[in-house]
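Examination of the molecular architecture
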Amino acid sequence: MYRIERAKNALKEGKPILIYDSDNREGETDIVYPATTITPADLFRLRSDGGGLICVAIHPDSADRLGLPFMVDVLQVYSSYSNGGRGKNKFDTVTEKIGDIPYDRKSSFSIWVNHRETFTGITDNDRALTIRKLGEIVKRSMNGNGVNFGDEFRSPGHVAILRAARGLVSERVGQTELSIVMAIMAGITPSMAICEMLDHRTGKALSKKDAIEYGRLNDMPFLEGSEIIDAYNRFKD
Ligand code: 5RP
Ligand code: CA
């Protein structure tokens, strides 16, 4: 329990934690920051120490209120309409295997966005701004305030949004859901910037052992998916 409390305290202060999913899923560790307070320096750390893809996980209630779909659902619809329902079209090589990922049932990817006050959208300043603004709009949507996503964001852009599964960790146990239940337990906005840690020498996923050591050297709590799920089940009861 001490590890979970330490991680919750870090998140409440806007500090990062490390989340490893499990040995029998991706076997990857993500660096995780609360979206609402992320800075350009934090973004630099995500891309230089993490090195994977920088995404923002959001709560399913907020995704519904903001009108943010799963990308696999968008592609399914596109696939059925793009040829007027008249059989195969030139995009079938992509669309006929929609959602075919080797480590889970369904990808959590939604759309890619830039905040409208960004320029190209890729710089540390621009991505940090987009992520903070995503945190703000998720907060407003969770509080029941009216929101118009398109007024504030463009798509496509340079930050991937991930939709957590409706049943959170009882349905899916990716870093998308694990980071959102950590936000819920910490009492912060359920909008989390995440990025996989890659091994800079081999290009493979950073090993669990090396991720734990990175956490120790940088004072970042390291959590496994199973302990987050246990803590969340206790929290809900
Ligand atoms: C986006 C990903 C990452 O694996 C990320 O950790 C979120 O995905 P998941 O919830 O499937 O673990 O695919 O970079
Ligand atoms: Ca992952």
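Cut-offs applied
Residues numbered from 1 in each chain as written. Chains lettered and ligands numbered in written order. Predicted model: local features only at pLDDT ≥ 70, side-chain atom pairs only at ≥ 80, totals over all residues. UniProt positions renumbered as here; feature names shortened; annotations may be inferred. Helix = DSSP H or I, 4+ residues; strand = E, 2+ residues; numbered from the N terminus. Rg over C-alpha atoms; globule rule 2.2 N^0.38 Å. Buried ≥ 20, exposed ≤ 12 C-beta atoms within 10 Å, placed from the backbone. Contact = placed C-beta atoms within 7 Å. Core = buried A, V, L, I, M, F, W, Y, C linked by C-beta atoms within 7 Å. Near = placed C-beta within 6 Å. Nonpolar A, V, L, I, M, F, W, Y, C, P; charged D, E, K, R; others polar. pLDDT = per-residue confidence, 0-100.

Under an unreviewed UniProt entry, the chain has the name 3,4-dihydroxy-2-butanone 4-phosphate synthase and belongs to Candidatus Syntropharchaeum caldarium. Here is the UniProt Catalytic activity (unreviewed entry) comment for the chain, exactly as written: "D-ribulose 5-phosphate = (2S)-2-hydroxy-3-oxobutyl phosphate + formate + H(+)". What UniProt records for the chain under Function (unreviewed entry) is the sentence "Catalyzes the conversion of D-ribulose 5-phosphate to formate and 3,4-dihydroxy-2-butanone 4-phosphate."

Quick look at the overall build of the chain
Secondary structure summary: the chain contains 10 helices and seven strands in total. Taking 2.2 N^0.38 as the reference for a compact globule, 237 residues should give roughly 18 Å; the C-alpha atoms of the chain span a radius of gyration of 18 Å, in line with that estimate. Dimensions along the principal axes, computed over C-alpha positions, put the chain at roughly 60 × 40 × 40 Å. Residue burial in the chain is summarised as follows: out of 237 residues, 40% are buried. Taking the contacts inside the chain whose residues are at least 6 apart along the sequence as the reference set, 73% of them involve residues at least 24 apart.

Structural notes on the nonpolar core
Ranked by internal contacts, the top residues of the largest apolar core, which has 57 residues, are Val56, Ala57, Met192 and Ala193. Non-local contacts of Met192, meaning those with residues more than four positions away in its chain, are made with Val32, Tyr33, Pro34, Ala35, Val56, Ala57, Ser179, Ile180 and Ala183.

Some remarks on the site of ligand 1
With respect to spatial proximity, 14 residues lie near ligand 1, and among them Leu53, Ser108, Gly174, Gln175 and Thr176 are the closest. Those elements giving two or more residues to the shell around ligand 1 turn out to be helix H8 (175–186) and strand E6 (191–196). Here the shell around ligand 1 is composed, by residue class, of four nonpolar, five polar and five charged.

What to know about the environment of Phe222
Structurally, Phe222 is set in strand E7 (residues 222–224). For the pair Phe222 and Gln175, spaced 47 residues apart in sequence, the C-alpha to C-alpha distance is 13 Å.

Remarks on the confidence of the model for the chain
Summarising the model, the chain shows a mean pLDDT of 93, and 92% of its residues fall at 70 or more. When mean pLDDT is taken per element in the chain, strand E2 (residues 29–34) scores highest with 99 and helix H5 (residues 92–95) scores lowest with 63. If you check the scores for this complex, the pTM reads 0.95 and the ipTM reads 0.98.

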